[in-house]
Amino acid sequence: METNYDTLLQKGTAKTVACKNERLLCPTCGRALPNRRKYTYCPDCGQYLDYGSGDGVQKWDVRYNRPRVLFDMDDCINTFLTHLLAVYNERTGAHIKPSEIKDWDLTKYLGEYGLSIFKEEGFFEGIPEKKNATRTLKKLILSADYDVYIITACTTNHELEEKYKWFDKYLPEFNKDRIIKCKEKEIIRGDVLIDDKVENLEKCSPYMRCILFDMPHNRECQDFPRVKSLAEVVPLLKEWFY
């Protein structure tokens, strides 16, 4: 049974859509959409819908599409900055700490040489994981409640291959087809994005929920829920979708 909509959200304009305890269909293309607590979008045609917060709104129904959760990799799943500084400090004799990096632009602290380090072959394959990161990913995957994807920007041809090898080491059962090389993350449609770059979240927030992974360079941002480990993401997802 189709839902009668009062108003549709089109092109990011915030309006309200009424819904009942029933399966929703996108009014544009007819795709089945699960009822949610607040809002959703149609990944097929890009229609953006806001259910409001009134009574009678169902949470996620696993009979339909599961929430698609998008994870950034560098400094969310692995310790990119800490590893980079360790290599840089060893080679140059510097003593730069991660807490001193308060800007996204690393050239302000490391110069062009610092950027060249992570373009070297073998760099990404050797980065340690964030504490309990892959354990959390595995927990989400095994729950069968979520579709998990890794969305990562890559600056060289070998970087993506090294990230495949990284998962072979730390989470070999992860489907490598779900590791997507993409710098402009706003073109990917998901339900939640976890990232440490504020600009990515700002561009994606009109289309999905966003979670900011805590790093020194993003401490001034207060626009998104902040987590300091991936384990903190799990209760947020449960609250939002189940």
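Placed above this text is the structure.
Criteria and cut-off values
- Residues numbered from 1 in each chain as written.
- Predicted model: local features only at pLDDT ≥ 70, side-chain atom pairs only at ≥ 80, totals over all residues.
- Heavy atoms only, no water.
- Core = buried A, V, L, I, M, F, W, Y, C linked by side-chain atoms within 4.5 Å.
- Buried < 20%, exposed > 50% of the residue type's maximum accessible area, 1.4 Å probe, protein only.
- Contact = heavy atoms within 4.5 Å.
- 1 Å grid on protein atoms, 1.4 Å probe; cavity = no way out; pocket = protein on both sides within 12 Å on 5 of 7 lines; lining within 4 Å.
- Points joined across faces, edges and corners; volume = space filled by probe spheres on them.
- Helix = DSSP H or I, 4+ residues; strand = E, 2+ residues; numbered from the N terminus.
- Nonpolar A, V, L, I, M, F, W, Y, C, P; charged D, E, K, R; others polar.
- Arc of directions from axis to C-beta.
- Pairing = 2+ DSSP bridges.
- Axes fitted to C-alpha atoms, helices over the stretch in contact; angles between N-to-C directions.
- Parallel < 35°, antiparallel > 145°, perpendicular 65-115°, else oblique.

1. Let's talk about the nonpolar core
Soluble globular proteins: nonpolar side chains tend toward being buried together.
And step 1. In this structure, F71, I77 and F167 are the most contacted members of the largest nonpolar core, which totals 46 residues.
And step 2. In contact with F167, other than residues within four places in its own chain, are M73, I77, L137, I150, P172, F174, K176 and I179.

2. Some words on the layout of surface pockets
Over the atoms a probe the size of a water molecule is rolled, and this reveals where empty space is left.
And step 1. In this structure, the largest pocket occupies an estimated 660 Å³ of space.
And step 2. Taken together, 28 residues form the lining of the largest pocket, with F80, W104, F118, A153 and T155 sitting closest to its centre.
And step 3. Contributions of two or more residues to the lining of the largest pocket are made by α1 (80-92) and α2 (107-117).
And step 4. The computed volume of the second largest pocket comes to approximately 180 Å³.
And step 5. Around the second largest pocket sit R66, K138, I141, L142, Y146, D147, V148, L171, E173, F174, N175 and R178, which together line it.
And step 6. If you tally residues by element for the lining of the second largest pocket, the top one is helix α3 (residues 133-143), at three residues.
And step 7. Looking at the lining of the second largest pocket residue by residue, the classes come out as six nonpolar, one polar and five charged.

3. Here's the deal with α2
An α-helix turns once every 3.6 residues. As a result, residues three or four positions apart point the same way.
And step 1. Of all the residues in α2, the buried ones are L110, G114 and I117. Viewed end-on, α2 has its buried residues packed into an arc of 0°, placing them on one side of the element. Within α2, the exposed residues directed more than 90 degrees away from the buried face are K108 and E112.
And step 2. Looking at the buried residues of α2, the elements they touch are α1.

4. Some points on the sheet that holds strand β10 (residues 226-227)
And step 1. Judged by pairing direction, the sheet is parallel, and its six strands sit side by side in the order β7-β6-β5-β8-β9-β10 without closing on themselves. Edge strands, defined here as strands with exactly one partner in the open sheet, are β7 (179-181) and β10.
And step 2. Sheet analysis places strand β5 (residues 68-71) next to strand β6 (residues 147-152), joined by four bridges and oriented parallel. Paired with V69 across the bridge in β6 is V148.
And step 3. Running over the sheet, α3 touches β5 and β6 and is turned about 140° from β6.
And step 4. Contacts from helix α4 (residues 157-170) reach β6 and β7, with the element oriented near 165° to β7.

5. Points about the packing of α1 against α2
And step 1. Running from amino to carboxyl end, α1 crosses α2 at an angle of 110°, the nearest separation of the two axes being 10 Å. Classed by the angle they form, the pair α1 and α2 counts as roughly perpendicular. In this structure, α1 uses L84, L85, V87, Y88, R91 and T92 to contact α2, whose residues at the interface are Y109, L110, Y113, G114 and I117.
And step 2. Residues of the contact of α1 with α2, tallied by class, amount to eight nonpolar, two polar and one charged.

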